[in-house]
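Listed below, chain by chain, are the residues.
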Amino acid sequence: AAPAAPAAPPAAAGATGCEAECVYDGWAATCRSRIDWSQKHDFQDRGQSACRLAHSTVLGQCSVCTTCNTEDVGCLADGPGAAAAAPVSDEATAVKPYDCDNGEANGWSAGKQTWCCMQEQKACPR
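Fair warning: this is a prediction, and the values are worked out from it, not measured in the lab.

Let's talk about the overall build of the protein chain
- A count of helices and strands for the protein chain gives 4 helices and 2 strands.
- Each helix and strand of the protein chain, placed in order from N terminus to C terminus, yields the pattern β-β-α-α-α-α.
- Here the protein chain, with 126 residues, has 31% of them falling under the buried criterion.
- Once local pairs closer than 6 in sequence are excluded, the contacts in the protein chain between residues at least 24 apart make up 36%.
- Carbon and sulfur atoms make up 52% of the accessible area of the protein chain, which amounts to about 8,000 Å² in all.

Below you can see the structure in the form of structure tokens.
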């Protein structure tokens, strides 16, 4: 019997789209993994918008993820069973996931602080 082939690495060198490797804040992960994590942890209370908001956030953090569109990560237009959403347009991303003028920055979630720093240059670490 032939030996089993080694398992493929999570993100192959030179991978593109949602399988591209993004290194952000010292952590390496695929764009897909980052979007999934952000959806479940940063936007869990945002309902059907969670996937699109996570997608927008990750694109702001990792330029290599710009070829990963919402269809590829399974963002749905109207919840479970709906057709896949079209790629996020500038108009669709105009809805801000956070209000960066509300609350004390030292009490914000890591996701809010990161987004507000990157998108609005507020509450950035010094």
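Let's talk about the pattern of salt bridges
- According to the stated counting rule, one finds 3 salt bridges in the structure shown.
- Among the salt bridges present, the one from Arg 32 reaches Glu 19, with a minimum N-O distance of 2.6 Å. With Arg 32 in helix H1 (residues 31-41) and Glu 19 in the segment before strand S1 (21-24), the pair connects residues that are 13 residues apart, well separated along the chain.
- Assessed through its relative accessible area of 33%, Arg 32 is described here as partly exposed.
- Taking relative accessible area as the criterion, Glu 19 reaches 31% and is therefore assigned partly exposed.
- Where Lys 40 meets Asp 36, a salt bridge forms, and the shortest distance between an N and an O atom there is 3.1 Å. Taken together, the positions of Lys 40 and Asp 36, both in helix H1 and 4 residues apart, correspond to about one turn of that helix.
- Judged by relative accessible area, Lys 40 falls into the exposed class, the value being 52%.
- Among the residues examined, Asp 36 registers a relative accessible area of 34% and is labelled partly exposed.

Rules and cut-offs
Residues numbered from 1 in each chain as written. Predicted model: local features only at pLDDT ≥ 70, side-chain atom pairs only at ≥ 80, totals over all residues. Heavy atoms only, no water. Helix = DSSP H or I, 4+ residues; strand = E, 2+ residues; numbered from the N terminus. Buried < 20%, exposed > 50% of the residue type's maximum accessible area, 1.4 Å probe, protein only. Contact = heavy atoms within 4.5 Å. Areas by Shrake-Rupley, 256 points an atom, 1.4 Å probe, with all protein chains shown as cover. Salt bridge = Lys/Arg side-chain N within 4 Å of Asp/Glu carboxyl O.

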